[in-house]
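Structure assessment
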Amino acid sequence: MDMDDALQTFMAEGHELLEDMENALLSIESDPDNEDTINAIFRAAHTIKGSAGLFGLNYLVTFTHVVESVLDRVRAREVAISTDLVALLLSSCDHLTDLMDWVARGEDDVSDSLARKSLGIEENLKVFLDTPVAGAGEQVSADSSAAEDGHSADVDADEPPVAEPALTEKDLWHISLRFGPDVLRHGMDPVSFIRYLATLGTIHHIETLLDAIPDAGNMDPETCYTGFEISLHSTQSKEAIEGVFEFVSEESQIHILAPDCLQEEYIRLIKALPEEDMKLGEILVRCGTLTHRELESALQQQQSSGNSLQPIGEMLVEKNVVNSEVVNAAVRKQKTVKEARPPEASLIRVDADKLDNLINLVGELIIAGAGTNILALRSGQSDLIESTETLSRLVEEVRDSALNLRMVQIGSTFNRFQRVVRDVSQELGKDIRLTINGGDTELDKTVVEKIADPLTHLVRNSMDHGIEAEEVRLAAGKPAHGSLMLNAYHDAGSIVIEVSDDGGGIHKDRILSKAIEKGLISENSAAAMTDKDIFNLVFEPGFSTADQVSNLSGRGVGMDVVRRNIESLRGTVEMDSQDGQGTMARIRLPLTLAIIDGFLVGVNQSAYVIPLDMVVECVEYGAWKESDNSHCLNLRGEVLPYIRLSEYFETQNPGHSSERESVVVVRFGDSKVGLVVDRLMGEFQTVIKPLGKLFNGVGGISGFTILGSGDVVLILDIPSLINDAGTLLYQTDRQAMTA
Amino acid sequence: MAKNIMVVDDSASLRQVVAIALKGAGYDVTEACDGKDALSKLNGQKVHLVISDVNMPNMDGITFVKELKKNPSYKFTPVIMLTTESQEGKKKEGQAAGARAWVVKPFKPEQMLSAVAKLIMP
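These figures come from a predicted structure and were not determined experimentally.

What counts and how
Residue numbers restart at each chain and count upward from 1, following the sequence in its written direction. Labels are handed out in written order, letters beginning with A for the chains and numbers beginning with 1 for the ligands. Reporting in this predicted model follows two pLDDT cut-offs: at least 70 for local features of residues, and 80 or more for side-chain atom pairs to be given and counted; totals over whole chains, interfaces and linings ignore these cut-offs and use all residues. Computation of side-chain values: all heavy atoms of the structure, hydrogens and water removed. At least two bridges found by DSSP between two strands is the condition for calling them paired. Secondary structure elements are taken from DSSP: a helix is a run of H or I of four residues or more, a strand is a run of E of two residues or more, and numbering for both begins at the N terminus. An axis is simply a line fitted to the C-alpha atoms; with a helix, the fit covers only the stretch in contact. Between two such axes, the angle follows the N-to-C directions and lies from 0 to 180 degrees. Contact between two residues is taken to exist if any of their heavy atoms lie within 4.5 Å; hydrogens are not considered. Partly exposed residues are those whose accessible area sits between 20% and 50% of the maximum for their type, while under 20% is buried and over 50% is exposed, using a 1.4 Å probe and protein chains only. Each residue after the first adds 1.5 Å to the expected span of a helix. When a carboxyl oxygen of Asp or Glu is within 4 Å of a side-chain nitrogen of Lys or Arg, the pair counts as a salt bridge. Two aromatic rings from Phe, Tyr or Trp, using only the six-membered ring of Trp, form a pair when their centres are within 6.5 Å; if the ring planes differ by under 30 degrees the pair is stacked, by over 60 it is edge-to-face, and anything between is tilted. Either the NZ atom of lysine or the CZ atom of arginine qualifies as a charge over a ring when it sits within 6 Å of the ring centre and within 35 degrees of the ring normal.

Successive side chains on a regular strand alternate, one facing one side of the sheet and the next facing the other. Residues and elements named next belong to chain A. Pairing between strand E6 (residues 432-437) and strand E8 (residues 482-491): six bridges, direction parallel. Directly across from arginine 433, in E8, lies its bridge partner serine 483. In the sheet, E8 pairs with strand E9 (residues 494-501) via eight bridges, with the strands oriented antiparallel. Bridge pairing in E9 links alanine 488 to isoleucine 497.

Below you can see the structure in the form of structure tokens.
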């Protein structure tokens, strides 16, 4: 582990915190009194500042400090949450992300544009620091600057002190220590402090005072009774020497006299200490801080001045007092930070590559396991069969938990849209509210990553084209603010993500005329199109929406790219719209990209895998067959189009005719189709292997897998088969009509 | 044998940097992400110094120090609290619980090292 690793951790942590901060900022607008949210925002800024300081990223610290100071005033209710403030804080958030990226690039100097931006935002933020508020808040701006001074003092303290002219032998610091009785119990070791003191200079002389130790009978071994008189040769400042005893200063009597201090101070010291005056005087002389002559005159002076006992408090290092004021000021600034953070304890970060590797290995394990199963069955040894079965059950569990490792909730992706919706609605001048449902739905990490872009496009599209302007909405009897909904749920082995709005809906006529104009469809076919088909035309390549392009949704990425992206994840997307009611884009994605439960079927000599989640039932073909010509079955009164796989893949063996064919009914979305096969070979775990480029144009298959026997088997692409079945049906109907 | 220091903080990056600094200075470091984790990791083992944050999920620093000090094995173990720019109230609470030393966040590794050096020898 080195600093680079630590910096990586800091980056990851920082980005997470900024994301939390952004989400909290977005929710604070609607709920300005939520203390937990305010605290969460504050804590994010605070933690970033803390860690940045540790890495010496002073630039980041300075900027975050201003943000934190403003947030602190918000927390103290001295500054009210306003749209302006939230906007400013959001831009601070963005700027912090930029600064993080700057850190990630490892550049030494902040670029001019970043520096200018920092200054600009800081200026704006400082307005909130200077605003006077009623009552207790008046001191705040002074406080925060004091705190800043305190902070810079911290930094200064680390720099080597300016060399002072060499001290003469006589010029010694005198340090008088009486440790409190409880220091040992608090884990403080007096010797340790003295040893540390020695690092600041040379200890010239040290006297240990044991006067306070009681009789053995009364002595408590856990109590500290010792005191020390030390003379120190050091070029350090008084503050630095005081700093040594910082942790015991409250419970102990510590007096530090500078080499050039006045005799009166010695007198006060002697008086303040519990030991006998004369004895102390001797000690001081022995320590070399005081000469005999000085001591005598001092004692005389003390007697002549009478009983003007100086309270110890006054002696206690003036500088220290000043410091504590600075500290107190800062205290008012910082109150308890409430922890509402998700427990990090139960999380570990894992490299995504490692997970991929694990999944690959699990895939190999499944294939190897299946091979072993076959061998065991062939051998016919019942105990061997039993043990391989146990093994495969375990492998199955390993598979599920390995796949589960890659599952993440879609919520964080959804939450990102709060910001998008906020920004875009401001840009468009529309009041649009986002509702999120099913944020806890889990799906594969790769899918989550890749779905963000298409989703953004759909969301922007809905906001730009879907939701109408306020006047139009009011005229249509709708609420003035538009609603956008993101919804996710599981359905039949896939995950469904819906982006819906309550806007004007898609105008079928406009789509149709445009599609005809672009030559995508003919006027004849237009007449036969269902509503759904019409809506889905927007995903066709070449269906440019050029005359509607604004700087929002028309960023050079068309809806066809959205569909392509989703299809590359083995998913589908479709549009649904109700005129005047709104539009919904429904994305359907596979749960995982790696391993599935498959259903193995045989057609002639070949075998195929159907994803088990999509299988509804298996029925006997002969029992439901109506006629040989039509491509549908009458399944319990329901029309079911079917595909004969041997015909579809043209694997028909003329000499072979299966006596008993079966129909596997599969479902995808709302559509069902039957696949006619020769043999049903049962379920088995399928490791999906992608097909090579050569297979790009081949329909009906989505990948391949390897059986335990080593045979390569194709995985059926059910969505495309369903699509083809529809076309097939259409063609047969036409043939029937012409016949 | 090098002295063992336990670092308790919910920020992994902070723990890492502190650990690097402390290891560089010749100490052994045990990390824990909150009070609960720290107590279960200590479990009677010898530790020479504990550095703990105040604000942590699951079990905060103050509760942790109180629990720690209940165990006779750690009665004399010094504790450095990591406070935010001097949360006076928290500092007092920490002191009452038995954490007498503190370092104010944000700090630099050297500041932490000097606080540690005041309390224990490498």
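Here the focus is the environment of valine 61 of chain A. Looking at the element boundaries, valine 61 of chain A is found in helix H3 (residues 58-75). As for valine 61 of chain A and isoleucine 48 of chain A, which are separated by 13 residues in sequence, their C-alpha atoms are 8.0 Å apart.

Residues and elements named next belong to chain A. One open sheet accounts for five strands, arranged E6-E8-E9-E11-E10; its pairing is mixed. Looking along the sheet, the strands with just one partner apiece sit at the ends: E6 and strand E10 (572-578). Each neighbouring strand pair of the sheet contributes to a mean axis angle of 15 degrees, computed without reference to strand direction. Of the strand pairs in this sheet, E10 and strand E11 (residues 582-590) are connected by seven bridges, and their pairing is antiparallel. Opposite glutamate 574, over in E11, you have arginine 586 as the bridge partner. Helix-sheet contacts for helix H16 (residues 411-428) involve E6, E8 and E9, and the interaxial angle to E6 is about 170 degrees. In the packing of helix H22 (residues 559-567) onto the sheet, the strands contacted are E10 and E11, and the crossing angle to E10 comes to about 135 degrees.

Omega for the peptide link from lysine 105 of chain B to proline 106 of chain B comes to -5 degrees, which places this bond in the cis form. Within the secondary structure, proline 106 of chain B is located in the loop between strand E5 (101-105) and helix H5 (109-119). One non-glycine residue with positive phi stands out, namely asparagine 604 of chain A, at about 50 degrees. Tracing the sequence through the fold places asparagine 604 of chain A in the loop between strand E12 (595-603) and strand E13 (606-611). Of note, the phi angle at arginine 636 of chain A is positive, near 45 degrees, even though the residue is not glycine. With respect to the helices and strands, arginine 636 of chain A occurs in the loop between strand E15 (632-635) and strand E16 (638-644). A residue is classified by how much of its surface remains accessible, and arginine 636 of chain A, at 53% relative accessible area, is exposed.

Further remarks concern H16 of chain A. For H16 of chain A, built from 18 residues, the straight-helix expectation of 26 Å at 1.5 Å per residue is met to within 8% by its first-to-last C-alpha distance of 25 Å. Glycine 429 of chain A occupies a position one or two residues after H16 of chain A and carries a positive phi of about 70 degrees.

Quick look at the pattern of salt bridges now. For the coordinates displayed, the defined rule picks out 40 salt bridges over all chains. A salt bridge links lysine 75 of chain B to glutamate 222 of chain A; the shortest N-O distance between them is 3.0 Å. With lysine 75 of chain B in the loop between helix H3 (61-70) and strand E4 (79-84) and glutamate 222 of chain A in the loop between strand E2 (201-209) and strand E3 (227-234), the pair connects residues from two separate chains. Residue class for glutamate 222 of chain A comes out partly exposed when judged on its relative accessible area of 23%. Residue aspartate 53 of chain B pairs with lysine 105 of chain B through a salt bridge whose shortest N-O separation is 3.3 Å. Of this pair, aspartate 53 of chain B sits in strand E3 (residues 49-53) while lysine 105 of chain B sits in strand E5, placing them 52 residues apart in sequence. In this pair, the class of aspartate 53 of chain B matches that of lysine 105 of chain B, namely buried.

Think of a pair of aromatic rings as described by two things: how far the centres are apart, and how the planes are tilted against each other in angle. For the structure shown, the criterion picks out nine aromatic pairs over all chains. The interplanar angle of 75 degrees and the centroid separation of 5.5 Å between the aromatic rings of tyrosine 621 of chain A and tyrosine 642 of chain A together place this pair among those described as edge-to-face. One end of the pair, tyrosine 621 of chain A, is in helix H23 (residues 621-624); the other, tyrosine 642 of chain A, is in strand E16, with 21 residues separating them in the sequence. Grouping residues by exposure puts tyrosine 621 of chain A and tyrosine 642 of chain A together as buried. These aromatic residues form a ring-pair network of at least three members: Phe179, Phe193, Phe228 and Phe245 of chain A. When the ring centre of phenylalanine 42 of chain A is taken as reference, the NZ or CZ atom of arginine 75 of chain A above it lies at 3.7 Å. The side chain of lysine 118 of chain B reaches across the aromatic face of phenylalanine 247 of chain A, ending 5.4 Å from its centre.

Keep in mind these values describe shape, not function.
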